[in-house]
Amino acid sequence: RDGDFLQLQDDFKKEQTVVEEKVKRPVTEEVKRAFEEKYPTVKTVQWEEDEDGNWVGNFTDKYGQNYAFYSNSGVWFYTRNVIDYAKVPYAVRTAVETNYPKYTVMNAYKVSAPEKKPYYTIELYLKKDKSTLIVDYQQTGKPLE
C-alpha cells in the first residue's frame, strides 16, 4: 500500500527456463547390422540422429575421422572422411580457389557413395557476412551434379 517494492513475479521467464530435451531413440538393429557389414573392422562407433531422422555413425579408422550416413532401414547413403585440404586433388583446389576467392576453407571431406565415384565436399566460410557454403567436386575439378 505504501508503494514499497516487495517482489516481482515473471511467469514468462519461468517458461523460458524449461528446456525440452530431445528424446533419444535407440539405433535400429538394421542400421547396426548394415554398418557392421560395411565396416567390419571398426570396434567403436557413436551414433547420432541428423535433422532428417537418419543415422550418422561417427568412427575413426586408419584413414582418420569418418561419418557414415544410414536410413532407419539400414540403407547406406554415403560416408564422409575428414581429410586435410592439402590432400584434396590439385584440380579441386584450383576450382575452389577460382570460383570462391573470398571464401576460407573450413573443412574438406572425401565422400564415398554407392554407385558413384569418390568425390570431395569442401566447406567454405565467408567472413564478410558470416555465411557457410558447401560445394561438391569430382576428382577432376568439375562440380558434382
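Bear in mind the structure is a predicted one, so any value in this text is a computation, not a measurement.

### Topic: the overall build of the protein
Consideration 1: Scanning the protein from terminus to terminus reveals 3 helices and 7 strands.
Consideration 2: For the protein, the sequential pattern of α-helices and β-strands runs α-α-β-β-β-β-α-β-β-β.
Consideration 3: Relative to its 145 residues, the protein shows a buried fraction of 30%.
Consideration 4: Expressed as a percentage of contacts within the protein between residues at least 6 apart in sequence, the contacts between residues at least 24 apart total 37%.
Consideration 5: For the protein, the accessible surface area stands at approximately 11300 Å², while carbon and sulfur atoms represent 50% of it.

### Points about the sheet that holds strand β5 (residues 104–112)
Consideration 1: Strand order in this open sheet of 7 strands is β1-β2-β3-β4-β5-β6-β7, and the pairing throughout is antiparallel. Looking at which strands have only one partner, the edges of the open sheet turn out to be β1 (46–49) and β7 (131–137). Adjacent strand axes in the sheet meet at a mean angle of 25° when their direction is disregarded.
Consideration 2: Bridging between β5 and strand β6 (residues 119–126) involves 7 bridges; their strand directions are antiparallel. Counted as the bridge partner of Tyr109 is Thr121 from β6.

### Describing the packing of aromatic side chains
Consideration 1: As enumerated under the stated definition, the model contains 8 aromatic pairs in all.
Consideration 2: Aromatic side chains Phe35 and Tyr70 sit 6.2 Å apart centroid to centroid with 70° between the ring planes, which places their arrangement in the edge-to-face category. On the criterion of sequence distance, the pair formed by Phe35 in helix α2 (residues 29–38) and Tyr70 in strand β3 (residues 64–70) is long-range, its members being 35 residues apart.
Consideration 3: Both rings, one in Trp47 and one in Tyr70, keep their centres 6.1 Å apart while their planes meet at 65°; by these two values the pair is edge-to-face. Linking Trp47 in strand β1 with Tyr70 in strand β3, this pair joins segments that are 23 residues apart in sequence. As far as burial versus exposure is concerned, Trp47 and Tyr70 are alike and both buried.
Consideration 4: An aromatic cluster of at least three residues, connected via ring pairs, comprises Phe35, Tyr39, Trp47, Phe59 and Tyr70.
Consideration 5: Of note, Lys38 hangs over the ring of Trp76, and the distance from its end group to the ring centre comes to 4.0 Å.

Rules used in this analysis
Residues numbered from 1 in each chain as written. Predicted model: local features only at pLDDT ≥ 70, side-chain atom pairs only at ≥ 80, totals over all residues. Heavy atoms only, no water. Helix = DSSP H or I, 4+ residues; strand = E, 2+ residues; numbered from the N terminus. Buried < 20%, exposed > 50% of the residue type's maximum accessible area, 1.4 Å probe, protein only. Contact = heavy atoms within 4.5 Å. Areas by Shrake-Rupley, 256 points an atom, 1.4 Å probe, with all protein chains shown as cover. Pairing = 2+ DSSP bridges. Axes fitted to C-alpha atoms, helices over the stretch in contact; angles between N-to-C directions. Phe/Tyr/Trp six-rings, centres within 6.5 Å; stacked < 30°, edge-to-face > 60°. Lys NZ or Arg CZ within 6 Å of the ring centre and 35° of its normal.

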